[in-house]
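Commentary on secondary and tertiary structure
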Amino acid sequence: MSGVGGPPIDADLVVAIAAARAAGAVLRDAFEGELTIEHKSSEIDLVTTADRAAEAVVLEHLRRAFPDDAIVAEESGAHVGGARRWIVDPLDGTTNFAHRFPHFSVSIACYVGATGLVGVVYDPLRDEVFAAAAGHGAWLDSPRHDHVRLSVTSRDRLATSLLATGFGYDRASTATNNLAEFNRLLPKVRGIRRPGSAALDLAYAAAGRTDGYWEYHLAPWDWAAGALLVREAGGVVTRMDGGPWTLDAPSIAVAGAALHPALLRELQAASVAAAGPVAGG
Ligand code: IPD
Ligand code: CA
Ligand code: CA
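It should be emphasised that the depicted structure is a prediction, and the values quoted were computed from it without experimental measurement.

Some points on the overall build of the chain
- A tally of helices and strands in the chain yields 7 helices and 15 strands.
- In summary, the chain has a C-alpha radius of gyration of 18 Å against a globular reference of 19 Å for 281 residues, a match within 12%.
- The C-alpha extent of the chain, read off along each of the three principal axes, is 60 × 45 × 35 Å.
- Of all 281 residues assigned to the chain, the portion counted as buried reaches 53%.
- By sequence separation, contacts in the chain at least 24 residues apart represent 62% of the contacts at least 6 residues apart.
- For the chain, the accessible surface area stands at approximately 12000 Å², while carbon and sulfur atoms represent 55% of it.

Here it is in structure tokens:
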């Protein structure tokens, strides 16, 4: 994190922040109360009444302000509209939330095609708003931070780096379960965290609270806002194989420019080793 400077007064950003704060208030209240928990794709993939209630609040804000825009939201799916598309995860970190582990967020971004316009990740328990607008940078607002400009770290050695990662709900059934990558990197770095909210993992990389982050198999709503935050904080965003990251990419790897090549080298070496010897080779 570095410097102080005002974010642009942008209608998209103002609405996205208001929507994220309102949904966050719903989550904050629900976190202490009784929860109804259901399973989605499997017993470890959960949805709670709070996910749905927070999503309804976000959608209400977006529809009121931008009735012509399209929306894709995790719990209610696609809502048709024009070229601008809002991408919403009303509660990123549902497993944490359901277990009363206090680390989760609301993630809201607006894209036109593959281009991110604005992105907001809100942590309701710490009251931290991470916001980015394309071409204008990324900021943190909280009770302790007044429009503080975000910047990724300039660290260049894995040995002194703190990284974050995550493991998808399909980890019991996929070969790309991230264990090979985790095992390879763990002895080479200062530490690896698995906080449980991909949107906050990206926001923390943007804020320089970690030096890098990687994960397989996320959905557009998990990383749409966070990837823009990292880019606007001066970070490099690619797939784990080094290819260009998109909303539908199979993976993500982010870090400051000085560390990113070393991170990719280790991730690629791990996935080659996990794939085993090439047949006939
Ligand atoms: C999950 C979180 C988690 C990541 C999972 C995501 P959800 O989102 O971002 O950190 O590892 O792959 O699906 O289900 O809590 O919205
Ligand atoms: Ca999510
Ligand atoms: Ca979610």
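Continuing now.
Examining the coordination of the calcium ion (ligand 3)
- The calcium ion (ligand 3) binds to the protein through Glu-74 (OE), Asp-89 (OD), Asp-89 (OD) and Leu-91 (O); the donor distances cover 2.2 to 3.2 Å.
- Between the donor residues of the calcium ion (ligand 3), the gaps in sequence give the motif E-x14-D-x1-L.
- The exposure class of Asp-89 is buried, given its relative accessible area of 1%.

A few points about the packing of aromatic side chains
- All told, the structure shown has 7 aromatic pairs when counted by the stated rule.
- Judged by centre distance (5.3 Å) and plane angle (20°), the ring pair of Phe-66 and Trp-86 falls under stacked. Here Phe-66 is found in the loop between helix H2 (49-65) and strand E3 (70-73), whereas its partner Trp-86 is found in strand E5 (residues 84-92), with 20 residues between them in sequence.
- The exposure class of Phe-66 is buried, given its relative accessible area of 15%.
- With a centroid separation of 4.9 Å and an interplanar angle of 80°, the aromatic rings of Phe-97 and Phe-104 are classed as edge-to-face.

Quick look at the pattern of salt bridges
- Taken as a whole and assessed by the stated rule, the structure comprises 11 salt bridges.
- The partner of Asp-241 in a salt bridge is Arg-239, and the shortest N-O contact between them spans 2.8 Å.
- In this structure Asp-241 comes out as partly exposed when scored by relative accessible area, which is 46%.
- Within the structure, one salt-bridge network assembled from shared partners comprises Asp-12, Asp-69 and Arg-84.

With respect to the pairing of E5
- Burial analysis of E5 places 7 of its 9 residues in the buried class, the great majority of the element.
- Of the strand pairs in this sheet, E3 and E5 are connected by 4 bridges, and their pairing is parallel. Looking at the pairing, Val-72 lines up with Ile-87 of E5.
- Note that E5 and strand E6 (residues 105-112) share 7 bridges and pair antiparallel. What sits directly across from Arg-85, in E6, is Tyr-111.

Focus on the site of ligand 1
- Neighbouring residues of ligand 1: 16 residues in total, closest Asp-92, Gly-93, Thr-94, Tyr-169 and Glu-215.
- In the model, an oxygen atom of ligand 1 is placed 3.2 Å from a nitrogen or oxygen of the Asp-89 side chain.
- Within the backbone of Ala-198, an N or O atom sits 2.9 Å from an oxygen atom of ligand 1.
- The element that contributes the greatest number of residues to the shell around ligand 1 is E5, accounting for 3 residues.
- Each residue belonging to the shell around ligand 1 can be placed in one class, and the counts come to 5 nonpolar, 5 polar and 6 charged.
- Of the residues that make up the shell around ligand 1, three or more belong to each of domain 1 (11-149) and domain 2 (158-274).

A closer look at the domain arrangement of the chain
- Each assigned domain of the chain is listed here: domain 1 (11-149) and domain 2 (158-274).
- When each unit is reduced to the centre of its C-alpha atoms, the spacing between domain 1 and domain 2 is 21 Å.
- Every contact between the two is made by 43 residues of domain 1 and, on the other side, 24 residues of domain 2.
- Each partner contributes to the roughly 2400 Å² buried at the junction of domain 1 and domain 2, and carbon and sulfur atoms together form 64% of this total.
- On the domain 1 side of the interface with domain 2, the three residues burying the most area are His-103, Tyr-111 and Phe-130, jointly 22% of the side's total.
- At the boundary of domain 1 and domain 2, one finds 1 salt bridge.
- The shortest N-O distance in the salt bridge between Arg-209 and Glu-128 comes to 2.8 Å.
- For the pair domain 1 and domain 2, the number of links is 10 residue pairs in polar contact (both at pLDDT 80 or more).
- Mapped by element, the contributors of at least two residues to the side of domain 1 that touches domain 2 are E3, E5, helix H3 (94-98), E6, strand E7 (115-123), strand E8 (128-133) and strand E9 (137-142).
- Counting residues per element, the side of domain 1 that touches domain 2 draws most heavily on E7, which supplies 7 residues.

Cut-off values and rules
- Residues numbered from 1 in each chain as written.
- Chains lettered and ligands numbered in written order.
- Predicted model: local features only at pLDDT ≥ 70, side-chain atom pairs only at ≥ 80, totals over all residues.
- Heavy atoms only, no water.
- Helix = DSSP H or I, 4+ residues; strand = E, 2+ residues; numbered from the N terminus.
- Rg over C-alpha atoms; globule rule 2.2 N^0.38 Å.
- Buried < 20%, exposed > 50% of the residue type's maximum accessible area, 1.4 Å probe, protein only.
- Contact = heavy atoms within 4.5 Å.
- Areas by Shrake-Rupley, 256 points an atom, 1.4 Å probe, with all protein chains shown as cover.
- Donors = N, O, S within 2.8 Å, 3.2 Å for Na, K, Ca; no water.
- Phe/Tyr/Trp six-rings, centres within 6.5 Å; stacked < 30°, edge-to-face > 60°.
- Salt bridge = Lys/Arg side-chain N within 4 Å of Asp/Glu carboxyl O.
- Pairing = 2+ DSSP bridges.
- Near = heavy atom within 4 Å.
- Polar contact = N/O pair within 3.5 Å; in protein donor to acceptor, adjacent residues only side chain to side chain.
- Nonpolar A, V, L, I, M, F, W, Y, C, P; charged D, E, K, R; others polar.
- Domains from an automatic or database assignment.
- Buried area = accessible area lost by both parts, 1.4 Å probe.

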